[in-house]
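A look at the structure
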Amino acid sequence: MNEEYDAIVLGTGLKECIISGLLSVDKKKVLHIDRNNYYGGESASLSLTQLYERFRAGQQPPASLGASRDYNVDMVPKFMMANGKLVRVLLHTDVVKYLEFKAVDGSYVLQKGKIHKVPANDSEALRSGLMGLFEKRRARSFFLYVQDYEEADPKTHKGLDLRRMTMADLYKHFDLTEDTQDFIGHALGLHRDDAYLTQPALATVLKVKLYHESLFRGGRGGVLKVKLYHESLFRYEGLNSPYLYPRYGLGELPQAFARLSAVYGGTYMLNQPGVEVMYENGVAVGIKNGADTARSKLVVGDPSYFAGRVRVVGKVVRAIAIMNHPIPNTDNAHSVQIILPQKQTGRKSDMYVFCCSYAHNVASKDKWLAFVSTTMETSNPEAELSAGMALLGPVEEKFIEVRDICEPLEDGSKDKAYISTGYDATTHFETTVEDVLDMYRRITGRDLDLTAKDPAQVEA
Amino acid sequence: MAMAELAQQQTAKLVLLGEMGSGKSSLVLRYVKGQFFDYQASTVGAAFLTKTLPELNVKFEIWDTAGQERYHSLAPMYYRGAAAAIIVYDITSPDSFTRAKSWVRELQRQGNPNMIMALAGNKADLESQRAVTAEEAQAYAAENGLYYLETSAKTAANVNELFEEIARKLPKPEAAAPRPPQGGIVLSEDTQRQAKRSTCC
Ligand SMILES: Cc1cc2nc3c(=O)[nH]c(=O)nc-3n(C[C@H](O)[C@H](O)[C@H](O)COP(=O)(O)OP(=O)(O)OC[C@H]3O[C@@H](n4cnc5c(N)ncnc54)[C@H](O)[C@@H]3O)c2cc1C
Ligand SMILES: Nc1nc2c(ncn2[C@@H]2O[C@H](COP(=O)(O)OP(=O)(O)OP(=O)(O)O)[C@@H](O)[C@H]2O)c(=O)[nH]1
Ligand SMILES: [Mg+2]
């Protein structure tokens, strides 16, 4: 290890692993080190034993929970959108071949204290209790409008200028109630608060379109086709939700990118608790690890390796629950997301419930994992989660954690320390991948061309 | 493609583990392509190969591990979900045998409990340099419930036998662990557009 590298990467979180995979593919010599003895850093999926080590040091997990190795508990739970950027990166790097995904059973939204499935097709929409009959008609004309809308084709604008009019105005135009607005803005547009209402409607309309395209992969330029293989039955219909989740948990993602890096010659060292960044005149020049040193042109890593060069920008509170049943009122779903829009709970930020089961190889037989998370607004984090916890029903075991979200003070151009931003409460992959692409740009001075493998481009 | 055919064929993930230079890649290459190279490059490339055994209706997805193992930082991803593992050591190297034992321990702790594990004492053609006796390895294998063979990727001795015996030992699809309720998804880019439009949200 006393060698010279192009890049040394610290921490094996998803972001760091994507970076080292990309740099290795670019023929850079990469050394990748983690202080832990497992992959994933902040975004690891932990076994039961590891979970207890973290939250209940000195305690053994009860036998009733089953074998430790059956568990892969995500520390940063997220689902991926079938048409999203992360999937694009997985395809671009071909890392997708190391992974196996399952469709998420359903996406739900809280309205007036009850949860409702976000409809995935016409007949679900008709049956949905989200809206009354007349409201459904109005909503339908809104969705038809959104679906047909093409930015480049003024005919489809029907006289509305979405660059000018706000989303609130567009809702008004279609005469939609506040509850419907909540559902469209938060469950389909994936907004985290209501700031979007006063912004031009175009952005939200495009997001709702994307949601729809993820669901049906139809749409113009529908670049991604998801083949769904049911055991015997080959379904070509739309999915039940536009979300995907990997078997064995999200911790598979960093591992798959680490594999990519290793295939291209990257060197991996786990379980190095003493590793530290080495600076000369304030510039990162490599790492120290006990008596060993390794030099590099630059150092990449997560905030925990760069004390003094990052600041805390927020806090996320997250509850992890182990249950022996699905979340009530979700049609016995094995995987589900519930969005609790801020207005419905009287908060300033949305709350998210994420649930997956043994069916995804993340828990022991007949066990479910549920996560409730939000951006912390008070000094009583547990109480803040109560609206989400109330949806879960009885839980066998519960762990609560508050995490700082850190971001780098500088962009790395001067100190050659390229630091990733912590995983935000949103837990969606959009910001994750954007941060990675931005780091890649800062490190290499060029953009990663994700369109290279886009069939729409190849055809053109 | 006939769905029935697909349904009957069993796909099994097979992973090879073992000290650098013990001959993992050579065993796979011998088995899949019938080749052997005296100067086999240390593995950095090939992610995996596949081989179908029509008689047994098994398709092996073979994961040859590489690079990372230098520092024993192999991702559990490799052996997670594997139906079988071949742990390879070099009969001329006691260190490689020690390493093999530590792999066995890791798999016993972390791996799929129904995983078929085979221990392969490779480079059996180098009898004159032997440093690990067959008796010692055999006893260790018996103690730990491993299928044990001495192989040579160079002469091809016992190579087909090794893989075929594993294929035979695989639990039959019906008897295998119940599949989770929903099928998996294969993500692929596909130029065939699906012109499906729907009128709902
Ligand atoms: C536990 C949990 C918590 C979640 N928390 C949030 C949350 O806090 N906020 C949230 O919006 N979604 C949240 N989601 C939903 C999450 O955003 C989707 O799973 C995610 O969009 C899919 O990511 P992706 O990388 O596959 O696609 P992405 O590429 O991230 O998303 C596809 C497109 O959707 C749009 N988009 C995605 N997320 C957002 C966003 N947050 N704001 C605006 N546009 C967006 C972007 O335009 C993006 O191009 C949560 C899901 C779960 C399971
Ligand atoms: N004599 C002899 N040499 C062998 C045999 N199998 C492999 N070798 C040689 O041993 C060396 C290492 O073989 P590899 O197959 O690359 O070993 P590996 O386990 O894949 O090594 P890594 O990929 O570095 O982990 C090569 O020079 C091979 O030619 C064998 O059965 N007999
Ligand atoms: Mg090899």
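These numbers come from a predicted model, not from an experiment. (Residues numbered from 1 in each chain as written. Chains lettered and ligands numbered in written order. Predicted model: local features only at pLDDT ≥ 70, side-chain atom pairs only at ≥ 80, totals over all residues. Heavy atoms only, no water.)

Quick notes on the overall build of chain A
Worth spelling out the cut-off: For helices the rule is a DSSP run of H or I covering at least 4 residues; for strands it is a run of E covering at least 2, with both sets numbered from the N terminus onward. A simple rule labels every residue: compare its accessible area, found with a 1.4 Å probe on the protein chains alone, to the largest value its type can have, and call it buried under 20%, exposed over 50%, or partly exposed in between. Contacts were defined at the residue level, with two residues in contact if any of their heavy atoms lie within 4.5 Å.
Of regular secondary structure, chain A possesses 14 helices and 21 strands. Summarising its shape, the C-alpha atoms of chain A cover approximately 75 × 55 × 50 Å along the three principal directions. Buried residues in chain A amount to 61% of all 460 residues. Put simply, of all contacts in chain A between residues at least 6 apart along the chain, 71% involve residues at least 24 apart.

Digging into the packing of helix H1 (residues 14-25) of chain A against helix H13 (residues 429-444) of chain A
Residues and elements named next belong to chain A. Threshold: For helices, the fitted line uses only the C-alpha atoms of the stretch in contact; every axis is such a line through C-alpha atoms, and the angle between N-to-C directions lies from 0 to 180 degrees. Any angle between 65 and 115 degrees counts as roughly perpendicular, while under 35 counts as roughly parallel, over 145 as roughly antiparallel, and the rest as oblique. What makes a crossing left-handed is the near helix being turned counterclockwise from the far one by less than a right angle; a clockwise turn instead makes it right-handed. In this count, Pro and Cys sit with the nonpolar residues alongside Ala, Val, Leu, Ile, Met, Phe, Trp and Tyr, while Asp, Glu, Lys and Arg are called charged and the others, Gly among them, polar.
Put simply, H1 and H13 touch, their axes get as near as 10 Å, and they point 40° apart. Accordingly, the angle class assigned to the pair H1 and H13 is oblique. As H1 packs across H13, the resulting crossing turns out to be right-handed. Residues Leu14, Lys15, Ile18, Ile19, Leu22 and Leu23 of H1 form the contact with H13, whose participating residues are Phe429, Thr432, Asp435, Val436, Met439, Tyr440, Ile443 and Thr444. Across the contact of H1 with H13, the residue classes break down as ten nonpolar, two polar and two charged.

Observations regarding the domain arrangement of chain A
Residue and element names in this part refer to chain A. To keep things clear, this is the line we draw: Either an automatic procedure or a domain database provided the assignment from which the domain bounds are taken. Buried area adds together the accessible area that both of two parts lose upon being put together, with accessible area traced by a 1.4 Å probe. Throughout this description, the term salt bridge denotes a Lys or Arg side-chain nitrogen within 4 Å of a carboxyl oxygen of Asp or Glu. Pairing of N or O atoms within 3.5 Å defines a polar contact, subject to two protein rules: one partner must be a possible hydrogen donor and the other a possible acceptor, and residues neighboring in sequence count only if both atoms are side-chain atoms.
Per the domain assignment, the segments making up chain A are domain 1 (4-44 + 251-309 + 409-444), domain 2 (45-78 + 313-404) and domain 3 (118-242). Each of domain 1 and domain 2 was reduced to a C-alpha centroid, and the two centroids are 28 Å apart. Roughly 1,200 Å² of surface becomes buried between domain 1 and domain 2 when both sides are summed, with 52% attributable to carbon and sulfur atoms. For arginine 403, the salt bridge goes to glutamate 42, with nearest N and O atoms at 2.3 Å. Inspection of the region where domain 1 meets domain 2 yields four residue pairs in polar contact (both at pLDDT 80 or more). For the side of domain 1 that touches domain 2, the per-class residue count stands at five nonpolar, six polar and two charged.

Considerations on the packing of helix H5 (residues 133-148) of chain A against helix H7 (residues 178-188) of chain A
All names here are of chain A. Put simply, H5 and H7 touch, their axes get as near as 11 Å, and they point 40° apart. Taken as axis vectors, H5 and H7 run oblique relative to one another. Handedness of the crossing formed by H5 with H7: right-handed. Each of Glu135, Phe142 and Phe143 in H5 lies in contact with H7, whose residues at this interface are Thr180, Phe183, Ile184 and Leu188. Of the residues contributing to the contact of H5 with H7, the split by class is five nonpolar, one polar and one charged.

Describing the state of the cysteines
Note on terminology: disulfide describes a covalent bond linking the sulfur atoms of two cysteines. All names here are of chain A. Heads up, the condition is: What counts as a disulfide here is a pair of cysteine sulfur atoms lying within 2.5 Å.
Under the definition given, this model contains zero disulfides over all chains. Left without a disulfide partner, cysteine 356 is nearest to the cysteine sulfur of cysteine 355, which lies 6.3 Å away. According to the relative accessible area criterion, cysteine 356 is buried, its value standing at 0%.

Observations regarding the nonpolar core
As a reminder, the rule being used: Side-chain atoms within 4.5 Å are what join buried Ala, Val, Leu, Ile, Met, Phe, Trp, Tyr and Cys residues into a set we call a nonpolar core.
Counting 127 residues, the largest nonpolar core has A:Leu90, A:Leu162, A:Leu170, A:Phe183 and B:Leu119 as its most contacted members. A total of seven residues in this core trace back to one element, the largest contributor, which is H13(A). Dropping the residues within four chain positions of it, A:Phe183 is found in contact with A:Val109, A:Val118, A:Pro119, A:Leu130, A:Met131, A:Phe143 and A:Leu188. B:Ala12, B:Ala84, B:Ala120 and B:Tyr147 belong to the second-largest nonpolar core, a separate cluster that totals 25 residues.

Re the pattern of salt bridges
In the structure shown here, the tally under the stated rule is 37 salt bridges over all chains. Across the pair A:Glu377 and A:Arg347 runs a salt bridge, and its minimum N-O distance is 3.6 Å. Of this pair, A:Glu377 sits in the loop between strand E19 (368-375) and helix H11 (381-384) while A:Arg347 is found in the loop between helix H10 (342-345) and strand E18 (351-357), placing the two residues 30 residues apart along the sequence. Judged by its relative accessible area of 29%, A:Glu377 falls in the partly exposed class. Judged by its relative accessible area of 12%, A:Arg347 falls in the buried class. B:Lys154 is the partner of B:Asp38 in a salt bridge, and the nearest nitrogen-oxygen pair spans 3.5 Å. Of the two residues, B:Asp38 sits in the loop between helix H2 (24-33) and strand E2 (48-53) while B:Lys154 sits in the loop between strand E6 (147-150) and helix H5 (159-169), which places them 116 residues apart along the sequence. A relative accessible area of 54% means that B:Asp38 is categorised as exposed.

Some points on the environment of A:Asn271
Residues and elements named next belong to chain A. By the secondary structure assignment, asparagine 271 is in the loop between strand E12 (267-269) and strand E13 (276-280). Spatially, the C-alpha atoms of asparagine 271 and arginine 35 are 4.9 Å apart, while their sequence positions differ by 236 residues. If near-sequence neighbours (up to four positions away) are discounted, asparagine 271 is found in contact with Asp34, Arg35, Asn36 and Asn37.

Regarding the sheet that holds E6(B)
Residue and element names in this part refer to chain B. For clarity, the cut-off: Two strands form a pair only when DSSP identifies at least two bridges running between them.
Taken together, the six strands give an open sheet; going across it, the order is E2-E3-E1-E4-E5-E6, and neighbouring strands pair in mixed fashion. Edge positions in the sheet fall to E2 and E6, since each of these pairs with one other strand and no more. Going from strand to strand, the sheet's axes swing by 25° on average, the running direction of each strand aside. Where strand E4 (residues 84-90) and strand E5 (residues 116-122) come together, seven bridges link them in parallel fashion. Bridge pairing in E5 places isoleucine 87 opposite leucine 119. Across the sheet, helix H3 (residues 94-110) is in contact with strand E1 (10-18), E4 and E5; its angle to E4 comes to roughly 160°. Helix-sheet contacts for helix H4 (residues 134-144) involve E4, E5 and E6, and the interaxial angle to E6 is about 165°.

Describing the environment of A:Pro408
Residue and element names in this part refer to chain A. Positionally, proline 408 belongs in strand E20 (residues 397-408). Exposure remark for proline 408: the relative accessible area of 14% places this residue in the buried category. Each C-alpha atom of the pair proline 408 and alanine 195 lies 26 Å from the other, and the pair is 213 residues apart in sequence. Not counting chain neighbours up to four residues away, the residues in contact with proline 408 comprise Arg309, Val310, Arg311, Ile419, Ser420 and Thr421.

With respect to unusual backbone geometry
Backbone phi values are negative for most residues with the exception of glycine, while trans is the configuration of most peptide bonds. Residue and element names in this part refer to chain A. Despite not being glycine, leucine 190 has its phi angle at roughly 55°, a positive value. Position of leucine 190 relative to the elements: it lies in the loop between H7 and helix H8 (201-216). Judged by relative accessible area, leucine 190 falls into the partly exposed class, the value being 34%. The phi angle at asparagine 271 is positive, at roughly 60°, despite the residue not being glycine.

Describing the packing of aromatic side chains
All names here are of chain A. Which entries qualify depends on this criterion: Two aromatic rings from Phe, Tyr or Trp, using only the six-membered ring of Trp, form a pair when their centres are within 6.5 Å; if the ring planes differ by under 30 degrees the pair is stacked, by over 60 it is edge-to-face, and anything between is tilted.
Under the criterion given, the structure shown has 21 aromatic pairs over all chains. Considering the side-chain rings of phenylalanine 142 and tyrosine 171, the 6.3 Å spacing of their centres and the 40° angle between planes classify their relative orientation as tilted. Note that phenylalanine 142 is positioned in helix H5 and tyrosine 171 in helix H6 (residues 167-173), a separation of 29 residues in sequence. Residue phenylalanine 142 shares its accessibility class with tyrosine 171, and that shared class is buried.

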